[in-house]
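Results of the structural survey
Single-letter residue listing:
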Amino acid sequence: MKTEVPGPRSRELMKQLNGIQNAEAVHFFCNYEESRGNYLVDVDGNRMLDLYSQISSIPIGYSHPSLIKLLQQPQNLSTFINRPALGILPPENFAERLKESLLSVAPKGLPQVITMSCGSCSNENAFKAIFMWYRNKERGHNNVTKEELESCMINQPPGCPDYAMLSFMGGFHGRTMGCLATTHSKAIHKLDIPSLDWPIAPFPRLKYPLEDFVKENQQEEARCLEEIVAGIIIEPIQSEGGDNHASDDFFRKLRDIARKHGCAFLVDEVQTGGGCTGKFWAHEHWGLDDPADVVTFSKKMMTGGFFHKEEFRPNAPYRIFNTWLGDPSKNLMLAEVIKVIKREDLLNNATHAGKALLTGLLDLQARYPHLISRVRGRGTFCSFDTPNDATRNKLITIARNKGVVLGGCGDRSIRFRPTLIFKDHHAHLFLNIFSDILANFK
């Protein structure tokens, strides 16, 4: 570490950017040319262990040699230079690339995939696919009426039916209009934006350690399953909302409720997907043969989009559509990322390194219970609570100045979102630094 973070160069660049746009969320400016693996370098020359990885979106570290090599191959240049409008003019190898990348890791029972550019548009378009499927089922797969065609043009039923997606308190599914109606993590995300009056169910607030509160947690989950719903979106672990977990049994029962009531079950794996929990998809931990009707993804997957069952295919062109519909260069990179994950056994690594991290955090919790509580995690997808927002933010700032990048979530949690190449020794390096921070915290 050479300066505090943000350092003088970062502060100057913040000033410049703030003259162009609101840059108050910027932490510091980065030198990505010098960043490698798990280490992020800022413009002031500080080299930091990055346990946040661009809000959980860097799969195999910075400047991975396999991805650099991919970009240096002449046959790949066209994919990066000529970005097509995929819905109407895809490149010759597009279907082949989808098979090599996304379809090679498709969730169980979901053979169809549509790519998008980000997590929000993935969920937004997944909602549309669900509503169209539901309406088509209701009308008995008959032709659309003249009244439906005319009324939808003025935002009225029956053309615009009064359907809803049920979501959970604490959930985060994006910042576009439909997604915001299902997002309930922080008020600042939603303030001043008109919304849809869709139902909201409570999400379990579990007590830790789980093995000490089995009965209490079962009662809490039963309370949250009382809602009978028509459409459900849920994260396997509520991420932005505070790393809120529920038991595998909770999700199995929720899946049964959706099936019983004939509604779609959408699993949002935007932050949990890609291997960080020790399985490629976090919902695999539930052990279900039919875990979802639709699964959305982005972040570590390099591209956005959603997998779905055959019956959720749009029944006409242009119904799920935009100009880009993703980016073929991202599919090319994802195929390489998947090769690296398999070659280097990175799913097992996430389990192993996650165990080292979680064990260390539990030890710190035992030693500093006034600063750390509710330690929890799956794979490297770990977190803990602090006493309050001010303490949380102070700990993150001190850690950054000691060379560790952490992220916050919820009201007072600190979350860990390292890359898949985060190893045991990185966990121990962090734990040693953080132990000193806690010992000297005032």
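The sections below set out a description of the structure shown in this document. Numbering of residues starts from 1 in every chain and runs along the sequence as written. Local features in this predicted model are restricted to residues of pLDDT 70 or higher, and side-chain atom pairs are both shown and tallied only at a pLDDT of 80 or more, whereas totals for entire chains, interfaces and linings draw on every residue. By convention in this description, side-chain values take in all heavy atoms of the structure and omit both hydrogens and water.

Observations concerning the sheet that holds strand 10 (residues 373-378)
For two strands to be treated as a pair, DSSP must find no fewer than two bridges joining them. Under the scheme used here, helices are H or I runs from DSSP no shorter than 4 residues and strands are E runs no shorter than 2 residues, and both carry numbers assigned from the N terminus. If you walk across this open sheet you meet the four strands as 10-11-14-13, and the pairing is antiparallel. Each end of this open sheet is capped by a strand with a single partner; those strands are strand 10 and strand 13 (407-409). Across the sheet, the mean angle from the axis of one strand to that of its neighbour is 25°, orientation sign disregarded. Judged from the four bridges that link them, strand 11 (residues 381-385) and strand 14 (residues 413-416) form a sheet pairing that is antiparallel. Across the sheet, residue Cys 382 finds its bridge partner in strand 14, namely Phe 416. Every residue pair with non-hydrogen atoms within 4.5 Å of one another is taken to be in contact. Axis definition: a line fit to C-alpha positions, over the contact stretch in the case of helices; interaxial angles, taken between N-to-C directions, run 0 to 180 degrees. Set on the sheet, helix 13 (residues 346-367) makes contact with strand 10, strand 11 and strand 14; between it and strand 10 the angle comes to about 175°.

What about the pattern of salt bridges?
Just to be clear on terms, a salt bridge is a Lys or Arg side-chain nitrogen sitting within 4 Å of an Asp or Glu carboxyl oxygen. This model, assessed by the stated rule, comprises 25 salt bridges. Taking the shortest distance from any N to any O, the salt bridge between Arg 417 and Asp 243 comes out at 2.3 Å. Taken as a pair, Arg 417 in the loop between strand 14 and helix 15 (424-439) and Asp 243 in the loop between strand 6 (232-234) and helix 11 (248-260) lie far apart in primary sequence, 174 residues in all. The pair formed by Arg 417 and Asp 243 is uniform in burial state, with each residue classed as buried. In this structure, the salt-bridge partner of Arg 392 is Asp 389, at a minimum N-O distance of 2.8 Å. For every residue, the accessible area obtained with a 1.4 Å probe (protein chains only) is divided by the maximum for its type, and the residue is called buried under 20%, exposed over 50%, and partly exposed between those limits.

Remarks on the pairing of strand 9 (residues 304-308)
Extensive coverage of strand 9 is indicated by the burial of five of its five residues. Burial along strand 9 is two-sided: Gly 304, Phe 306 and His 308 facing one way and Gly 305 and Phe 307 facing the other are all buried. Where strand 8 (residues 294-297) and strand 9 come together, four bridges link them in antiparallel fashion. By the bridge assignment, Val 294 is partnered in strand 9 with His 308.

Considering the packing of helix 14 (residues 389-401) against helix 15
In contact at an axis separation of 10 Å, helix 14 and helix 15 are set at 130° when each is read in the N-to-C sense. Comparing their axes, helix 15 and helix 14 come out oblique. As helix 14 packs across helix 15, the resulting crossing turns out to be right-handed. Along its contact with helix 14, which presents Leu 395, Ile 398 and Ala 399, the element helix 15 presents Phe 434, Ile 437 and Leu 438. For classification, angles of less than 35 degrees are called roughly parallel, those exceeding 145 degrees roughly antiparallel, those between 65 and 115 degrees roughly perpendicular, and all remaining angles oblique. Take the far helix as the reference: if the near one is turned anticlockwise from it by less than a right angle, the crossing is left-handed, and if turned clockwise, right-handed.

Section: the sheet that holds strand 7 (residues 265-268)
The strand order across the open sheet built from five strands is 3-9-8-7-6, with neighbouring strands paired in mixed fashion. Sheet topology places strand 3 (112-116) and strand 6 at the edges, where each strand pairs with a single neighbour. If you compare each strand with its neighbour and ignore which way they point, the axes differ by 15° on average. One ladder, built from three bridges, connects strand 7 with strand 8; its direction is parallel. Residue pairing across strands places Leu 266 opposite Val 294, the latter belonging to strand 8.

Topic: the packing of helix 13 against helix 15
Any two packed helices are characterised by how steeply their axes cross, that is the angle between the axes, and by the distance between the axes. At a minimum axis distance of 9 Å, the contact between helix 13 and helix 15 shows a crossing angle of 15°. With respect to helix 15, the axis of helix 13 lies roughly parallel. Viewed along their axes, helix 13 and helix 15 form a crossing whose handedness is right-handed. Facing helix 13, whose interface residues are His 352, Ala 353, Ala 356, Leu 357, Gly 360, Leu 361, Leu 364 and Arg 367, helix 15 presents Asp 424, Ala 427, His 428, Phe 430, Leu 431, Phe 434, Ser 435 and Leu 438. Nonpolar residues are Ala, Val, Leu, Ile, Met, Phe, Trp, Tyr, Cys and Pro. Charged residues are Asp, Glu, Lys and Arg, and all others, Gly as well, are polar. For the contact of helix 13 with helix 15, the residue count by class is ten nonpolar, four polar and two charged.

Purely geometric numbers; function is a separate question.
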